[in-house]
Amino acid sequence: MQQRKPDYPISPFFYERWSPRSFASSEIEKEVLLSLLEAARWAPSSMNEQPWYYLIGLGKDKELFLDCLVPENQLWAKKAPCLILLLYRPYFSKSQKENPTALFDCGLSAMSLMLEAHLRGLITHPMAGFHHEKTLQSLRIPKEYKPICFFAVGYQADRELLPPHLQEREFPKGRLNLDEICRFGPFEV
Ligand SMILES: Cc1cc2nc3c(=O)[nH]c(=O)nc-3n(C[C@H](O)[C@H](O)[C@H](O)COP(=O)(O)O)c2cc1C
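Criteria and cut-off values
- Every chain's residues receive numbers from 1 upward, in the order its sequence appears when written.
- Side-chain atom pairs in this predicted model are given and counted only at pLDDT of 80 or more, local residue features only at pLDDT of at least 70, and totals for whole chains, interfaces and linings cover all residues.
- The side-chain quantities take in all heavy atoms of the structure and omit both hydrogens and water.
- Here, proximity means that at least one heavy atom of the residue falls within 4 Å of the molecule or strand.
- For the purposes of these results, a polar contact is taken to be a pair of N or O atoms within 3.5 Å, where, inside protein, one atom must be able to donate a hydrogen and its partner to accept one; residues adjacent in sequence count only when each atom of the pair is a side-chain atom.
- Surface accessibility follows the Shrake-Rupley procedure with a 1.4 Å probe radius. Residue values consider only the protein chains on display as shielding.
- Helix numbering and strand numbering both begin at the N terminus, where a helix is a DSSP run of H or I of at least 4 residues and a strand a DSSP run of E of at least 2.
- Residues are sorted three ways: Asp, Glu, Lys and Arg are charged, Ala, Val, Leu, Ile, Met, Phe, Trp, Tyr, Cys and Pro are nonpolar, and all the rest, Gly among them, are polar.
- Multiplying 1.5 Å by the residue count of a helix minus one yields the expected span of that helix.
- Only the six-membered ring of Trp is used, alongside the rings of Phe and Tyr, when aromatic pairs are assigned; centres must lie within 6.5 Å, and planes under 30 degrees apart are stacked while those over 60 apart are edge-to-face, with the rest tilted.
- Think of it in three bands: residues with accessible area under 20% of the maximum for their type are buried, residues over 50% are exposed, and the middle band is partly exposed, with areas taken using a 1.4 Å probe on protein chains only.
- The pairing criterion is simple: DSSP has to find at least two bridges between the two strands.

The subject of this paragraph is the site of the ligand. In the region of the ligand, 14 residues are neighbours, and Arg4, Ser19, Arg21, His125 and Arg175 sit closest. In this structure, a nitrogen atom belonging to the ligand sits 2.8 Å away from a side-chain N or O atom of histidine 125. Between the ligand and proline 126, the relevant distance is 3.1 Å, taken from a nitrogen atom to a main-chain nitrogen or oxygen of the residue. In isolation the ligand exposes 620 Å². Once the protein is present, 65% of that is buried. Secondary-structure elements contributing two or more residues to the shell around the ligand are helix H4 (71–77) and strand E3 (123–127). The greatest single-element share of the shell around the ligand, amounting to three residues, is contributed by E3. By residue class, the composition of the shell around the ligand is five nonpolar, four polar and five charged.

Moving on to helix H5 (residues 102–119). A rise of 1.5 Å per residue sets the reference length of H5, with its 18 residues, at 26 Å; its end C-alpha atoms lie 26 Å apart and thus fit the reference within 8%. Two residues or fewer after H5 comes glycine 121, characterised by a positive phi angle close to 85 degrees.

Time to look at the packing of aromatic side chains. In total, this model carries five aromatic pairs according to the counting rule given. Summarising the aromatic geometry, the rings of tyrosine 53 and tyrosine 145 are spaced 5.2 Å apart at their centres and angled 50 degrees between planes, so their arrangement reads as tilted. Of this pair, tyrosine 53 sits in strand E1 (residues 52–58) while tyrosine 145 sits in the loop between helix H6 (132–138) and strand E4 (146–154), placing them 92 residues apart in sequence. For tyrosine 53, a relative accessible area of 39% translates into the label partly exposed. Note on phenylalanine 65 and phenylalanine 150: the rings are 6.4 Å apart at their centroids and 90 degrees apart in plane angle, and the pair reads as edge-to-face.

The buried fraction of strand E2 (residues 82–88) is high, at seven of seven residues. Here E2 shows no split at all, with Cys82, Ile84, Leu86 and Tyr88 on one side and Leu83, Leu85 and Leu87 on the other all buried. Both E1 and E2 contribute to a ladder of seven bridges, which runs antiparallel. Bridge pairing in E2 links isoleucine 56 to isoleucine 84. In terms of strand pairing, E2 meets E4 through seven bridges, oriented antiparallel. Looking at E4, one finds that leucine 87 is bridged to proline 147.

The structure is reproduced here in structure tokens:
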């Protein structure tokens, strides 16, 4: 497996987390799942609005969630014991004004969930590949919420258990260089 190597020292969990597709059939204990959601809960958000909502597809509910995914995601996500849909509220609850950082806030919350999962030996895989209308209808999403993405959550299995074309993609991806994602001071004129 390709090793990720940071250019500057950081805590290993940042680069050791990745998004595998090979899930074991092992169930997740509800208490463990609640700890992941608890981590998501403590994320910061603009005005402490907490515009996130997590819908959990576990046990008999899982099929309903799986059906919302595009076929290419269903192919591997069907093995995951839990599918989660992250929703957001685009408007502030008090003023009803648009919340310009709602999606950003949800990203912070989702990353907390994924890192907590990683630290507990679970794997997570976010998926934007889903059928929007079907999701709204099948999961009976209330009007004030919009879907962002699904997550497959569970325990990792061997890469060899995936179909061949997915085995080729089953490795931790690299990243852009630091000088491609930041600079000190303003952009040049
Ligand atoms: C919002 C979001 C949507 C994604 N959607 C999909 C998806 O539909 N299918 C998929 O296989 N991977 C999906 N991914 C996984 C990314 O391809 C993956 O995170 C990226 O390649 C970086 O790899 P890493 O998570 O292993 O570090 C998604 C990731 C994010 C953050």
